[in-house]
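# Coordinate analysis (summary)
The chain contents come next:
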Amino acid sequence: MQNITAVILAAGKGVRMKSALPKVLHKLCGKPLIYYIIKEVKKAGIERVVIVIGNQAELVKKTINDLFEGIEFIEQKELLGTGNALVQAKNKLRKEDNILVLPGDAPLITADSFKKLIAAHKQDNSCTLLSAYLAYPQGYGRIIRRDKKIIEIKEERDVSCTERKIKEVNSGVYLFKTKPLFKALSKISPDNKKKEYYLTDVISLFAQQGLKIDSLSISEKEILGINTRKELACAEKIMQTRILENIFKKGASIIDPATTYIAEGVRIGKDSVVYPFTFIEGNVKISKGCQIGPFARIRGDCLIGNNVVIGNFVEIVRCKVRDNSRIKHHSYLGDCLIGRNVNIGAGTIIANYDGKNKNRTVIGENAFIGSGTILVAPVKIGKSAITGAGSVVLKNRDVPDGATVVGVPARLLKRRKSNG
Ligand code: UD1
Ligand code: MG
């Protein structure tokens, strides 16, 4: 493959989001917008990724470093536009042959499109860009052509009435030859309504010099750039559909995609079925043959074994549930390890939070937790132990293997001696 470095522009404030949070950190299906861009770029085989940061730089950097290794950062001190953002990276990039520039707010563009863009970037192209044809092109830069050749990209606020009707728009993703790019960037000026240095102005300079510009068009579902909360909600729908499609491919069923929310990164095994109104978020793995929901919520780090039933109105967070266990109705289980073949009765609550710390509970295999039990963590319920309906097992009052406890607070039930 040609030598390509990716530069993601992520310094902007995201004024149109009306938020204290930098735009690229807004969550889409549970992960920051910029996560998807980095992930897809890496998937396309690009190893070197440089990110231009500015607004709340430290927070953006820390969030990205928690998700990926080996990303390089460069700071744009004054937010003077996309062209100015790229200039900041000049010293880091001048030795590269090609630079793939990406906006930090277009998370739906896939690795496949990046690969196609790279393939279309012929030796004599100075720029190859991704565009799209939109029925409603509002908000995007328009691609202006003469005799079919791209001669300019004009921002919406700078177009004429006729140009406004152009349906071919700029995705903000361009593959440039490095030398002509930085040469042109040194010539652009903030001569527009926003008084910013527009990266898009490089295109008309290229055209004037007779440099070759090519384009490749991608679908409406990939191009979406997120500038507003409404666009974020649109992207959420598209990304959710993709996540569910991947789950279908693995052999799991989602009864009603419209009322199911599954975050990026959740894994669901073969022949598991997710019933409606279920939310699965965080680092969750559900193994094979499980029944989840309706009305269930699984979050945090959770590992659910094979053939587990998690029924209606059950919330599970940071739990390991081993094979064949059943939590069928109205329960809250937090910070817990549940062994194999455990039955958790209706209305069981683990009181895992004491106001300061989250405490752990362990429930041994084959245990039977009676309906309405409260387990005050930290506590351990032995293998094959039983708790009576409505019992309250206090913290550190571990229940031995095979024992039965009842009442409030729960006490050991003595076995009656048989008369014989
Ligand atoms: C940009 C393009 C537009 C294209 C659209 C696609 C320009 C001038 N316009 O418009 O043609 O149709 O994307 O989504 O490039 N940024 C910086 N520093 C800055 C300004 C912006 O790093 O000084 C970053 C932002 O954080 C963002 C990206 O650049 O991630 C794009 O900026 P944004 O303001 O969203 O540009 P658009 O108006 O969407
Ligand atoms: Mg944008």
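Before going further, it helps to examine the overall build of the protein chain. Scanning the protein chain from terminus to terminus reveals 10 helices and 32 strands. For the protein chain, the C-alpha radius of gyration of 28 Å lies well beyond 22 Å, the compact-globule estimate for 420 residues. In terms of its C-alpha atoms, the protein chain occupies a principal-axis envelope of roughly 105 × 40 × 40 Å. Across the 420 residues of the protein chain, 50% fall into the buried class. Nonlocal contacts in the protein chain, meaning residues at least 24 apart in sequence, comprise 45% of its contacts between residues at least 6 apart. Carbon and sulfur atoms provide 51% of the accessible area of the protein chain, an area that totals close to 20,600 Å². For the protein chain, the centre of its 69 positive side-chain charges and the centre of its 41 negative side-chain charges are spaced 6 Å apart.

For the rest of this paragraph, the subject is the pairing of strand E9 (residues 149–154). When strand E8 (residues 142–146) meets E9, the two strands line up antiparallel, connected through five bridges. For arginine 145, the partnering residue across the bridge sits in E9 and is isoleucine 150. Counted along the chain from E8 to the antiparallel partner E9, the turn is two residues long, and its residue aspartate 147 has a positive phi close to 50 degrees.

The buried count for helix H8 (residues 201–208) comes to six of eight residues, which makes it a mostly enclosed element. Contact partners of the buried residues in H8: strand E7 (125–133), E9, strand E10 (168–177), helix H7 (178–185) and strand E11 (212–217). Phi turns positive, to about 75 degrees, at glycine 210, one or two residues after H8.

Tallying each qualifying case throughout the model produces 19 salt bridges. In this structure, the salt-bridge partner of glutamate 315 is arginine 297, at a minimum N-O distance of 4.0 Å. Of this pair, glutamate 315 sits in strand E21 (residues 309–321) while arginine 297 sits in strand E19 (residues 296–299); the two residues are 18 residues apart in sequence, bridging distant segments of the chain. A relative accessible area of 23% means that glutamate 315 is categorised as partly exposed.

The subject of this paragraph is the packing of aromatic side chains. According to the stated counting rule, one finds seven aromatic pairs in the structure shown. Ring geometry for tyrosine 35 against phenylalanine 68: centres 5.7 Å apart, planes inclined by 35 degrees, an arrangement best described as tilted. Residue tyrosine 35 is located in helix H1 (residues 33–43), and its partner phenylalanine 68 is located in the loop between helix H2 (57–67) and strand E5 (72–75); the two are separated by 33 residues in the primary sequence. Residue classification places tyrosine 35 among the buried positions, given a relative accessible area of 11%. Measuring from ring centre to ring centre gives 5.4 Å for tyrosine 174 and phenylalanine 176, while their planes differ by 25 degrees; the resulting arrangement is stacked. Each member of the pair tyrosine 174 and phenylalanine 176 is classed as buried. Through successive ring pairs, a cluster of aromatic residues spans Tyr35, Tyr36 and Phe68. Across the ring face of tyrosine 35, the terminal group of lysine 31 is positioned such that the distance to the ring centre comes to 5.5 Å. Lying across the ring of tyrosine 353, lysine 358 places its NZ or CZ 5.3 Å from the centre.

Our focus in this paragraph is unusual backbone geometry. Here the amide bond leading from glycine 293 into proline 294 is cis, since omega sits at 5 degrees, within 30 degrees of zero. Assignment of secondary structure puts proline 294 in the loop between strand E18 (291–292) and E19. Going from alanine 377 to proline 378, the amide bond is cis rather than trans, its omega being 0 degrees. Relative to the helices and strands, proline 378 is located in the loop between strand E27 (374–376) and strand E28 (379–381).

Here we come to the site of ligand 1. The local shell around ligand 1 holds 23 residues, among which Leu9, Gln76, Gly81, Glu155 and Asn170 are the closest. Here an oxygen atom of ligand 1 and a backbone polar atom of glycine 141 are 2.9 Å apart. At a separation of 3.1 Å, an oxygen atom of ligand 1 approaches a polar side-chain atom of asparagine 227. Protein contact buries 92% of the 760 Å² of open area that ligand 1 shows by itself. Among the secondary structure elements, those contributing two or more residues to the shell around ligand 1 are strand E1 (4–10), helix H3 (82–87) and E10. Looking at the shell around ligand 1 residue by residue, the class counts come to eight nonpolar, 11 polar and four charged.

Right, let's talk about the coordination of the magnesium ion (ligand 2) for a bit. Distances from the magnesium ion (ligand 2) to its protein donors, namely Asp105 (OD) and Asn227 (OD1), fall within the range 2.1 to 2.3 Å. One end of the pair, aspartate 105, is in the loop between strand E6 (98–103) and helix H5 (111–120); the other, asparagine 227, is in the loop between helix H9 (220–223) and helix H10 (229–249), and 122 residues separate them in sequence. Across the pair, exposure class does not vary: aspartate 105 and asparagine 227 are buried alike.

We note that the domain assignment places domain 1 (4–223) and domain 2 (229–412) within the protein chain. In this structure, domain 1 and domain 2 have C-alpha centres spaced 43 Å apart. The interface of domain 1 with domain 2 comprises 18 residues on the first partner and 12 residues on the second. Overall, the association of domain 1 and domain 2 removes approximately 1,300 Å² of surface from exposure, summing both partners, and the carbon and sulfur fraction of that is 62%. The largest per-residue losses of area from domain 1 upon contact with domain 2 belong to Met17, Cys29 and Leu108, which jointly make up 45% of the total buried on that side. Ionic pairing is found between glutamate 264 and lysine 39, a salt bridge with its closest N-O pair at 3.0 Å. Where domain 1 touches domain 2, the interface holds nine residue pairs in polar contact (both at pLDDT 80 or more). Where the side of domain 1 that touches domain 2 is concerned, the elements lending two or more residues are strand E2 (27–28), H1 and H9. The biggest single contributor to the side of domain 1 that touches domain 2 is H1, with four residues. Here the side of domain 1 that touches domain 2 is composed, by residue class, of eight nonpolar, four polar and six charged.

So, on to the side chain of histidine 26. Structurally, the position occupied by histidine 26 is in the loop between E1 and E2. Side chain to side chain, histidine 26 and serine 19 meet in a polar contact 3.0 Å long. Residue contacts for histidine 26: discarding those within four places in its chain leaves Met17, Ser19, Leu21, Lys31, Pro32, Leu33, Arg229 and Leu232.

Definitions and limits used
Residues numbered from 1 in each chain as written. Chains lettered and ligands numbered in written order. Predicted model: local features only at pLDDT ≥ 70, side-chain atom pairs only at ≥ 80, totals over all residues. Heavy atoms only, no water. Helix = DSSP H or I, 4+ residues; strand = E, 2+ residues; numbered from the N terminus. Rg over C-alpha atoms; globule rule 2.2 N^0.38 Å. Buried < 20%, exposed > 50% of the residue type's maximum accessible area, 1.4 Å probe, protein only. Contact = heavy atoms within 4.5 Å. Areas by Shrake-Rupley, 256 points an atom, 1.4 Å probe, with all protein chains shown as cover. Lys, Arg positive; Asp, Glu negative; His and termini not counted. Charge placed at Lys NZ, Arg CZ, Asp CG, Glu CD. Pairing = 2+ DSSP bridges. Salt bridge = Lys/Arg side-chain N within 4 Å of Asp/Glu carboxyl O. Phe/Tyr/Trp six-rings, centres within 6.5 Å; stacked < 30°, edge-to-face > 60°. Lys NZ or Arg CZ within 6 Å of the ring centre and 35° of its normal. Near = heavy atom within 4 Å. Polar contact = N/O pair within 3.5 Å; in protein donor to acceptor, adjacent residues only side chain to side chain. Nonpolar A, V, L, I, M, F, W, Y, C, P; charged D, E, K, R; others polar. Donors = N, O, S within 2.8 Å, 3.2 Å for Na, K, Ca; no water. Domains from an automatic or database assignment. Buried area = accessible area lost by both parts, 1.4 Å probe.

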